[in-house]
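Letter by letter, the chains look like this.
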Amino acid sequence: MTAAVHSTRAPRTLPDAPSTPRATHPGSLLGVADLLSGPQSAHGAQTDRIAHILDRAAFLESENPLERAHRLAKRKIALLFYESSTRTRTSFELAAKALGADTTLVSSLSSSIEKGESLKDTGLTLRALGAEAIILRHPNSGAPWLLEEVTGLPVLNAGDGMHEHPSQALLDLLTILACLRPGVTSVSSETLAGVTVTITGDILHSRVARSNMLLLPALGASVRLCGPEPLLPAVASEIGPGIHLERNFDRALVGSQIVMMLRIQAERLAGLQLDLDEYKRDYQLTAERLAAHAPDAHLLHPGPIIRGLELTAEVADGPHSRILDQVRNGVAIRMALVERALTASPASTHASPGGAR
Ligand code: MLT
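Residues numbered from 1 in each chain as written. Predicted model: local features only at pLDDT ≥ 70, side-chain atom pairs only at ≥ 80, totals over all residues.

(A) Spatial organisation of the confidence of the model for the chain. Mean pLDDT over the chain stands at 90; residues scoring 70 or higher make up 89%. Under a pLDDT of 50 for its full length, residues 1-12 has, in the predicted model, 29 contacts with residues more than four places off or in other chains. Across residues 348-357, confidence stays below pLDDT 50; counting only partners more than four residues off in sequence or on other chains, it has 23 contacts. (pLDDT = per-residue confidence, 0-100. Contact = placed C-beta atoms within 7 Å.)

Below, the structure is given as structure tokens:
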């Protein structure tokens, strides 16, 4: 079978970062840059904010659910989703509810967005209705920055176009730590020293890859990118330190402790022509490949997985797979982020209960 995936426009470069790379509200998480303070920061190490979020995630996950449900009792959170989602939306919603918050979901298919209402007006409407924080998924890179600016509310980026998905990178980090550094309770720029994470697949269109490429090297990991040129432009290795390119999947697997597979994002493939049989031959993760080149590796995938394309069903269900652990860890991380969003004070970047920074 030679199935080609193609359409009419061809994005060939990675998207630019928005011009305001940091959030202004201390409760927002718009991109990985918001998690990293400068290395010379008077407030501690560059990784302090990450350590704090991981710490809160662990605490909230283990807390008695009845006590936890008082933390944000009756606070109001809006989920504003312009793209479909299963894992991210559900886990944010369950996380907010686990802390006692009231949530409302606005999706582009069942709201005035369908009638042409702008992001700005939708955001202002949600604020007028009492929303104290907004969780946003949007097809345009940079949309969360705009929403934060016009509403002044804390915004959590649940995926903006091809740009970033910072809460996914945090839950991936939590999963990696559980696999490779069990029992580690704090993180530093050395925590993942010696760890190689190989990310394979449609890196060009992946906000998950981008956020991981920014986050994991900050903790000492080396990130190997693997995929064919149309899905992985050479310029990707310039995104930051600790990133390397290896086009040959078998070679990339050797020495990798973590293998993160990505789906081909057919909805964003504009103009690219891809021979799927060739792609599977060269880049599909199979049990044979894992056994031959990375027998001890842990498999991650942000989902949705496409069985039989980027990975075989055998591998998806096999002993290497940590995919459902990622899903579970998503709730813990998002509890910490929702709590941070609603407890950080705009007047101070270092407020808390729970030290929301
Ligand atoms: C995303 O929203 O970016 C997903 O988790 C990954 C994907 O859509 O393939």
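(B) Summary view of the site of the ligand. Around the ligand, the neighbouring residues are G159, H165, Q168, R207, V208, R263, Q265, P302 and G303. Looking at the shell around the ligand residue by residue, the classes come out as two nonpolar, five polar and two charged. (Near = placed C-beta within 6 Å. Nonpolar A, V, L, I, M, F, W, Y, C, P; charged D, E, K, R; others polar.)

(C) Representation of the sheet that holds strand β8 (residues 243-245) within the structure. Strand order in this open sheet of five strands is β8-β7-β6-β9-β11, and the pairing throughout is parallel. For this open sheet the edge positions go to β8 and β11 (298-300), each flanked by a neighbour on one side alone. Shown here is a sheet whose adjacent strand axes are inclined to one another by a mean of 25°, direction ignored. Sheet analysis places strand β7 (residues 222-226) next to β8, joined by three bridges and oriented parallel. When the sheet's bridge partners are listed, R224 is paired in β8 with H244. (Pairing = 2+ DSSP bridges. Helix = DSSP H or I, 4+ residues; strand = E, 2+ residues; numbered from the N terminus. Axes fitted to C-alpha atoms, helices over the stretch in contact; angles between N-to-C directions.)

(D) Representation of the sheet that holds strand β4 (residues 133-138) within the structure. An order of β3-β2-β4-β5 is seen for the four strands of this open sheet, with the pairing classed as parallel. A strand with exactly one partner marks an edge of an open sheet, and here the two such strands are β3 (102-107) and β5 (155-160). Averaged over all adjacent pairs, the angle separating strand axes in this sheet is 15°, with direction ignored. With four bridges connecting them, β4 and β5 associate as parallel partners. Pairing of I134 across the sheet is with V155, part of β5.

(E) Layout of the environment of T104. Structurally, the position occupied by T104 is in strand β3. Residue class for T104 comes out partly exposed when judged on the 14 C-beta atoms lying within 10 Å of it. (Buried ≥ 20, exposed ≤ 12 C-beta atoms within 10 Å, placed from the backbone.)

(F) Representation of the packing of helix α1 (residues 48-62) against helix α12 (residues 323-343). With their axes 8 Å apart at the nearest point, α1 and α12 run at an angle of 110° to one another. As judged from the angle between their axes, α1 and α12 are roughly perpendicular. Within the contact between the two elements, α1 uses I53, R56, A57, L60 and E61 and α12 uses A332, I333, M335, A336, L337, E339 and R340. Here the contact of α1 with α12 is built from residues that sort into eight nonpolar, no polar and four charged. (Parallel < 35°, antiparallel > 145°, perpendicular 65-115°, else oblique.)

(G) Seen up close, the environment of V184. Looking at where V184 falls in the secondary structure, it is placed in the loop between α6 (166-180) and β6 (196-200). Excluding residues within four positions of it along the chain, V184 makes contact with L177 and T191.

(H) Up close: the pairing of strand β9 (residues 258-261). Residues I258 and M260 point to one face of β9 and V259 and M261 to the other, with burial holding for every one of them. Where β6 lies against β9, four bridges are found, and the strand directions are parallel. Note that in β9 the partner of T200 across the bridge is M261.

(I) Fine view of the packing of α6 against helix α7 (residues 207-215). At a closest axis distance of 8 Å, the pairing of α6 and α7 adopts a crossing angle of 60°. Taken together, the axes of α6 and α7 are oblique relative to one another. Two packed elements cross with a definite hand, and for α6 against α7 that hand is right-handed. In this structure, α6 uses P166, Q168, A169, D172 and L173 to contact α7, whose residues at the interface are V208, S211, N212 and L215. (Left-handed = near helix turned anticlockwise from the far one by under 90°.)

(J) Structural context of the pairing of β4. Most of β4 sits inside the fold, with six of its six residues counted as buried. Bridge analysis of strand β2 (residues 76-81) against β4 gives five bridges, and the strand direction is parallel. Across the sheet, residue L80 finds its bridge partner in β4, namely L136. The β-α-β motif built from β4, the intervening helix α5 (residues 143-151) and the parallel element β5 has right-handed crossover chirality. (Right-handed = clockwise from strand over helix to strand, strands pointing away.)

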